[in-house]
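Here's the letter readout for the chains.
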Amino acid sequence: RALRLQGMDDFALLELEDAAGGNSRAGEVGGIACPLGAHYLPLPSDDAPEVQDLLEELGLRTRVAGRWQYDERHLCHSPQERLFFNGAWQDGLLPLNGVGPDTLAQYQKFATLVAQARSATRWMLPVQNRPLAPVQSALVAITFEKYLDQQGLNDSHLRWYLNYCCSDEYGAGIATVSAWAGIHYFASRHGFHAPGTEGLEREGLLTWPEGNAWLTQRMAAPLGERLHTGRVVLRITSAKHGVEVDAFNTATQSMERWQAEQVVVALPVFVAARVVQNPPEFLRQAAAQVVYAHWLVANIHLDRPLHDRP
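To start, this report covers the structure provided alongside it. Model, not experiment: these values are computed from the prediction. (Residues numbered from 1 in each chain as written. Predicted model: local features only at pLDDT ≥ 70, side-chain atom pairs only at ≥ 80, totals over all residues. Heavy atoms only, no water.)

1. Some words on the pattern of salt bridges
Inference 1: A full pass over the atoms with the stated rule returns 14 salt bridges.
Inference 2: Among the ionic pairs, Arg 73 bridges to Asp 71, the shortest N-O distance being 2.7 Å.
Inference 3: Its relative accessible area of 71% is what places Arg 73 among the exposed residues.
Inference 4: Several salt bridges converge on common partners, so that one network encompasses Arg 235, Glu 244, Asp 246 and Arg 257. (Salt bridge = Lys/Arg side-chain N within 4 Å of Asp/Glu carboxyl O. Buried < 20%, exposed > 50% of the residue type's maximum accessible area, 1.4 Å probe, protein only.)

Set out below in structure tokens:
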């Protein structure tokens, strides 16, 4: 899309899968579209102007009477989450039924800490748009678990919830992710609301039955014949007059060699470090430092309505 907006069309995109989109592709269950990975998009702030421009281009937001307005057909407000705890259903995911005053006090204390972090500096998506503030760099250096220890937040119910949030967002729990990541989960979006202090509804998000494939399908459509699917890139190397890329064509079961002036490598760093011949030092270091965790999206087709049991 960036090349197209600059009037450049002499390029080819080699795609591993049979359709573009990567972790934002879609599938079907019982004839119903469903996401195979990323399934929603938070409404972008002014810190993400490129995302705002894309949404405007796709017709998801328009300016009405001087204000931005999102298409309600694609907008989903706060999910109605429930937790089965101590033998009963309760609203929200923070355990409430039968918990003591000390637990509620720790909920409130963590809410205060998140509010203080939000007022001390900016927490943004994407994070690359601004360098970390000193207070954020200090949080990067310790685990979220150690941060909670330092703050005296030892309640098992609070830690269960925070561990759930980190596992859902990052694929790893509070003992692994940094304190910065744990705080960023809340501070970059809707904060942390202790029971009884929810106040205003959380901001909405954009989502579709097929998940973020709705976005990637529309981004891929203008590529036309420049999109080459079923290509497994095995080797990228510098050549005398540019770059050479060797790829396996899964349709013809044959090898191809592509030559270009430049190449954009869009791969996980641990793969890129193996595919790029004589990788630069920054890539080698990144591949050695990054820790990967598994992530699963499950789509379930129900054959009858769900009903609460006594």
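2. Things to note about the sheet that holds strand S4 (residues 41–42)
Inference 1: The three strands are arranged S4-S10-S7 in an open sheet whose pairing can be described as antiparallel. Since the sheet does not close on itself, it has two edges, and those belong to S4 and strand S7 (75–76), each with one partner. (Pairing = 2+ DSSP bridges. Helix = DSSP H or I, 4+ residues; strand = E, 2+ residues; numbered from the N terminus.)

3. A few points about the side chain of Glu 210
Inference 1: Relative to the helices and strands, Glu 210 resides in the loop between strand S10 (205–206) and helix H8 (213–220).
Inference 2: Although Glu 210 lies buried, it forms no salt bridge, and the closest oppositely charged side chain, Arg 218, sits 4.8 Å away as judged by the N-O distance.
Inference 3: If near-sequence neighbours (up to four positions away) are discounted, Glu 210 is found in contact with Arg 25, Ala 26, Ala 33, Cys 34, Pro 35 and Gln 217. (Lys, Arg positive; Asp, Glu negative; His and termini not counted. Contact = heavy atoms within 4.5 Å.)

4. Remarks on the environment of Met 219
Inference 1: You can see Met 219 is positioned in helix H8.
Inference 2: Considered as a pair, Met 219 and Leu 58 are 161 residues apart in the sequence and their alpha carbons are 8.9 Å apart.
Inference 3: Beyond its immediate stretch of four places on either side in the chain, Met 219 contacts Arg 1 and Leu 54.

5. Thoughts on a nonpolar patch on the surface
Inference 1: Together, Val 263, Val 265 and Leu 267 make up an exposed nonpolar region whose accessible area comes to about 190 Å².
Inference 2: Note on placement: Leu 267 falls in the loop between strand S14 (254–260) and helix H9 (269–275).
Inference 3: Owing to a relative accessible area of 33%, Leu 267 belongs among the partly exposed residues under this scheme. (Patch = residues over 30% accessible without salt bridge, like charges linked within 9 Å, V, L, I, M, F, W, Y side chains within 5 Å. Areas by Shrake-Rupley, 256 points an atom, 1.4 Å probe, with all protein chains shown as cover.)

6. A word on the side chain of Glu 256
Inference 1: Counting through the fold element by element, Glu 256 comes out in strand S14.
Inference 2: At 3.1 Å, the side chain of Glu 256 and the side chain of Arg 231 are in polar contact.
Inference 3: Residues contacting Glu 256, with those up to four places away along its chain left out, are Arg 231, Val 245, Asp 246, Ala 247 and Asn 249. (Polar contact = N/O pair within 3.5 Å; in protein donor to acceptor, adjacent residues only side chain to side chain.)

7. Describing the packing of aromatic side chains
Inference 1: All chains considered together, the criterion is met by 12 aromatic pairs.
Inference 2: Ring centres of Tyr 161 and Phe 186 lie 6.4 Å apart, and the angle between their planes is 35°; on these two criteria the pair is classed as tilted. On the criterion of sequence distance, the pair formed by Tyr 161 in helix H6 (residues 156–170) and Phe 186 in helix H7 (residues 179–187) is long-range, its members being 25 residues apart. Accessibility classification places Tyr 161 together with Phe 186 in one group, the buried group.
Inference 3: Members of the aromatic cluster, joined through ring pairs, are Phe 110, Phe 144, Tyr 147, Trp 160, Tyr 161, Tyr 164, Tyr 185, Phe 186 and Phe 192.
Inference 4: Arg 218 extends its terminal NZ or CZ atom over the ring of Trp 214, reaching a point 3.8 Å from the ring centre. (Phe/Tyr/Trp six-rings, centres within 6.5 Å; stacked < 30°, edge-to-face > 60°. Lys NZ or Arg CZ within 6 Å of the ring centre and 35° of its normal.)

8. Quick look at the sheet that holds S14
Inference 1: Spatially, the three strands line up as an open sheet ordered S12-S13-S14, and their pairing is antiparallel. A strand with exactly one partner marks an edge of an open sheet, and here the two such strands are strand S12 (231–239) and S14. On average, each strand axis in the sheet is tilted by 20° relative to the strand beside it, whichever way the strands run.
Inference 2: Relative to strand S13 (residues 242–249), S12 runs antiparallel, the two being bridged by eight bridges. Residue pairing for S13: Ala 239 is matched across the bridge by Gly 242. (Axes fitted to C-alpha atoms, helices over the stretch in contact; angles between N-to-C directions.)

9. Comments concerning the state of the cysteines
Inference 1: All told, the structure shown has zero disulfides when counted by the stated rule.
Inference 2: No disulfide involves Cys 165; its sulfur sits 6.8 Å from that of Cys 166, the nearest cysteine. (Disulfide = S-S within 2.5 Å.)

10. Some details on the nonpolar core
Inference 1: Membership of the largest hydrophobic core comes to 35 residues, with the highest contact counts inside it found for Phe 110, Phe 144, Tyr 147, Leu 162, Ile 183, Phe 186 and Phe 192.
Inference 2: For this core, the element with the most residues is H7, which contributes seven residues.
Inference 3: Those residues in contact with Phe 186 that sit more than four places away from it in its chain are Phe 110, Val 114, Tyr 161, Leu 162, Cys 165, Gly 191 and Phe 192.
Inference 4: Grouped together as the second largest cluster of nonpolar side chains are 11 residues, Leu 41, Leu 58, Leu 206 and Trp 208 included. (Core = buried A, V, L, I, M, F, W, Y, C linked by side-chain atoms within 4.5 Å.)

11. Some words on the pairing of S14
Inference 1: Of the strand pairs in this sheet, S13 and S14 are connected by seven bridges, and their pairing is antiparallel. By the bridge assignment, Val 245 is partnered in S14 with Trp 258.
Inference 2: Turn length for the S13-S14 hairpin, with the two strands adjacent in sequence and antiparallel, is four residues, and the turn residue Gln 253 shows positive phi of about 55°.

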